[in-house]
Amino acid sequence: MRSSRTHFPSLDAIRTFACFFPLSTHLFWEVSVERLAAVPWLQGLPMAVLAFLFGNGIFGVRLFMAMSGFLITYLMLRELESTGRFSLRNFYVRRILRIWPCYFIVLGYMFLIFPAVKAWLGIPGHLNERLWPYLLFLPNFELLRITHTPGLYSDSQLSLLWSVGIEEQFYLIWPLVFVLGGVAGLRWGGVVFWLLAWASQFYFWNDVVTWSNHTVPCFLYISSGTLLGCLYYAHPQALERPLRALGYGAVMGLTLAFFVIMFWFGYQSLSHPAWMPVYGPFTAFFCCWLMISQIVYQGHRFSSGRIKPMVNFSKYTYGLYMYHRIVQWWLVQLLGRLGFNFGHVSTLVLVNSCTLVLACLVSYLSFHTVEGYFMRKKHLFSPFPKPKGEV
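Residues numbered from 1 in each chain as written. Predicted model: local features only at pLDDT ≥ 70, side-chain atom pairs only at ≥ 80, totals over all residues. Heavy atoms only, no water.

Engineer: Give a detailed account of the overall build of the protein, specifying residues and quantitative values.
Structural biologist: Each helix and strand counted, the protein has 16 helices and zero strands in total. Seen along its three principal axes, the alpha-carbon backbone of the protein occupies a region of about 65 × 50 × 45 Å. Within the protein, buried positions represent 52% of all 391 residues. Within the protein, counting contacts between residues at least 6 apart in sequence, those at least 24 apart form 78% of the total. Just so you have it, the protein exposes about 18100 Å², and 70% of that area is on carbon and sulfur atoms. Taken together, the 28 basic and 14 acidic charged side chains of the protein have centroids lying 9 Å from each other. (Helix = DSSP H or I, 4+ residues; strand = E, 2+ residues; numbered from the N terminus. Buried < 20%, exposed > 50% of the residue type's maximum accessible area, 1.4 Å probe, protein only. Contact = heavy atoms within 4.5 Å. Areas by Shrake-Rupley, 256 points an atom, 1.4 Å probe, with all protein chains shown as cover. Lys, Arg positive; Asp, Glu negative; His and termini not counted. Charge placed at Lys NZ, Arg CZ, Asp CG, Glu CD.)

Next comes the structure, spelled out in structure tokens:
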């Protein structure tokens, strides 16, 4: 029996959970790590645990990628089942309406307004980033170029776009696989992509930056989600039955155990890069386990899908991810000119607390104005009715 769902509230909650990791990395860990590193009893394993929990922004990105792979694959299959066809045009239009407004707002600000602002404030320096890779949705390759070029430094407000670029590259390729290969093409394409991505993680294991930001290694997480989407669409009971037999308590216990194992593999990879190709696949496995376990139990009173604040907030996470660095930059400039000392912990707490609040406000306004304008048009290109309460 095939699953007929088109909306998963539990994944909305997981999206909010995933957003926590880059935010905690940029607003807490980056300003705290030097002070924490000076505490003797935190050295070694305790420091690694704190880094994994609060400085592990890339895990949140990988979880986003796995969810994208799952949802896009599952919904493409549902569209084919419901309408008898898959519209490549409508797929691309829906993705454009959702992703491009925020993306090009950031690009327009950074390449047109930001240089003028810096000149007005008397701040020296210029962007090392070139515009054309961003226009072609290749920001991760531009980030790799800058990172591997001595003397060049990426701008933190632009560097966030690397993950959006990988998502867009996936959105370009994956529906073409479906059009050319059909359902079987998705299954075998997912396997081929997964194997290529895993092989690339062996190839890049001595270059953690490339291992983390290059498109091919990152497709490991997306293709894991695509394979889960194919399996859950075709054989939902094969996944639901054993998980329900375990019970929610046991499933959550296993989730915690898998999280600890994932940490351990990551910890080992810090000193032994050969662990990287083990850490990557296990991270992908954990992302898929977290998704499917919460989907199966999303009606349970303790499931993530029942945490309404997390479910409702998920719609703002994309904007929050895209805008928070810009808000942070402005607050640093403002407080610096007001004479605040950034060597004091109280100033760092103030600026990053205000960053979180104001970035949430900007994301809310963006979603209900610019983003909302385009998202209200998505239903014109969708084969499914809008879920209740969705913009």
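Engineer: Mind laying out the nonpolar core, listing which residues take part and the relevant values?
Structural biologist: Judged by nonpolar contacts, the single largest core of 99 residues is most densely connected at Leu11, Phe70, Tyr103 and Met322. Ignoring any residue separated from it by four or fewer positions in sequence, one finds tyrosine 103 in contact with Tyr134, Phe137, Pro139, Leu161, Val164, Tyr318 and Met322. (Core = buried A, V, L, I, M, F, W, Y, C linked by side-chain atoms within 4.5 Å.)

Engineer: Help me get a handle on the environment of glutamine 237, residues and values and all.
Structural biologist: Tracing the backbone shows glutamine 237 in helix α11 (residues 236-246). The exposure class assigned to glutamine 237 is partly exposed, which follows from its relative accessible area of 31%.

Engineer: A description of the packing of aromatic side chains should follow, citing residues and the corresponding values.
Structural biologist: Applying the stated criterion across every chain yields a total of 54 aromatic pairs. Ring geometry for phenylalanine 104 against phenylalanine 137: centres 5.9 Å apart, planes inclined by 90 degrees, an arrangement best described as edge-to-face. In this pair, phenylalanine 104 sits in helix α4 (residues 88-121) while phenylalanine 137 sits in the loop between α5 (131-135) and α6 (139-147), placing the two residues 33 residues apart along the sequence. Ring-pair connections join several aromatic residues into one group, and the members of that group are Phe17, Phe20, Phe21, Phe28, Phe52, Phe54, Phe59, Phe259, Phe263, Trp264, Tyr267 and Phe286. Over the ring of tyrosine 171 we find arginine 95, and its NZ or CZ is 5.2 Å from the ring centre. A cation sits over an aromatic face here: arginine 244 above tyrosine 297, 5.4 Å from the ring centre. (Phe/Tyr/Trp six-rings, centres within 6.5 Å; stacked < 30°, edge-to-face > 60°. Lys NZ or Arg CZ within 6 Å of the ring centre and 35° of its normal.)

Engineer: Please provide a residue-by-residue account of the pattern of salt bridges, values included.
Structural biologist: Close approach of charged atoms allows side chains with opposite charge to pair. Throughout the structure, instances matching the rule amount to seven salt bridges. We note a salt bridge from glutamate 81 to arginine 78, for which the minimum N-O separation is 3.2 Å. With glutamate 81 and arginine 78 both in helix α3 (residues 57-83) and three residues apart, the pair spans about one turn of that helix. The closest approach of N and O atoms between arginine 94 and glutamate 79, which form a salt bridge, is 3.4 Å. A residue pair is termed long-range when its members are at least 10 positions apart, and arginine 94 in helix α4 and glutamate 79 in helix α3 qualify at 15 residues. Like glutamate 79, arginine 94 is buried. (Salt bridge = Lys/Arg side-chain N within 4 Å of Asp/Glu carboxyl O.)

Engineer: Can you lay out a nonpolar patch on the surface for me, pointing to particular residues and giving the numbers?
Structural biologist: A cluster of nonpolar side chains, contributed by Leu172, Ile173, Leu176, Val179 and Leu180, occupies part of the molecular surface with about 470 Å² of accessible area. Within the secondary structure, isoleucine 173 sits in helix α8 (residues 161-203). (Patch = residues over 30% accessible without salt bridge, like charges linked within 9 Å, V, L, I, M, F, W, Y side chains within 5 Å.)

Engineer: I'd love a proper account of the packing of α8 against helix α15 (residues 317-337), names of residues and values included.
Structural biologist: Where α8 meets α15, the closest approach of the two axes is 10 Å, and the angle between their N-to-C directions is 135 degrees. Put simply, α8 runs oblique to α15. Side by side, α8 and α15 meet where Leu161, Trp162, Ser163 and Val164 of the first sit next to Tyr318, Tyr321 and Met322 of the second. Here the residues of the contact of α8 with α15 are counted per class, giving six nonpolar, one polar and no charged. (Axes fitted to C-alpha atoms, helices over the stretch in contact; angles between N-to-C directions. Parallel < 35°, antiparallel > 145°, perpendicular 65-115°, else oblique. Nonpolar A, V, L, I, M, F, W, Y, C, P; charged D, E, K, R; others polar.)

Engineer: I'd like a rundown of helix α13 (residues 276-296), residues and numbers included.
Structural biologist: Taking 1.5 Å as the rise per residue, α13 with 21 residues should run 30 Å; its terminal C-alpha atoms sit 30 Å apart, in good agreement. Burial analysis of α13 places 19 of its 21 residues in the buried class, which makes it a mostly covered element. (Expected span 1.5 Å × (residues − 1).)

Engineer: Before we move on, could you go through the layout of surface pockets and cite the residues and values that matter?
Structural biologist: Of the voids in this model, the second largest pocket is the one considered here, and its volume is about 1000 Å³. In terms of lining residues, the second largest pocket is bounded by 36 residues, among which Gly55, Asn56, Gly57, Ile58 and Ser212 are the most central. Residue assignment for the lining of the second largest pocket shows that the elements contributing at least two residues are α1 (9-37), α2 (45-54), α3, α6, α9 (208-213), α12 (248-271), α13 and α15. If one sorts the elements of the lining of the second largest pocket by residue count, α1 sits on top with six residues. Broken down by class, the residue content of the lining of the second largest pocket amounts to 21 nonpolar, twelve polar and three charged. (1 Å grid on protein atoms, 1.4 Å probe; cavity = no way out; pocket = protein on both sides within 12 Å on 5 of 7 lines; lining within 4 Å. Points joined across faces, edges and corners; volume = space filled by probe spheres on them.)

Engineer: Any details on the state of the cysteines? Residues and values, ideally.
Structural biologist: Per the counting criterion, the structure on display carries zero disulfides. Not part of a disulfide, cysteine 19 finds its nearest cysteine sulfur in cysteine 360, a span of 8.2 Å. Not part of a disulfide, cysteine 230 finds its nearest cysteine sulfur in cysteine 288, a span of 12 Å. For cysteine 230, a relative accessible area of 8% puts it in the buried group. (Disulfide = S-S within 2.5 Å.)

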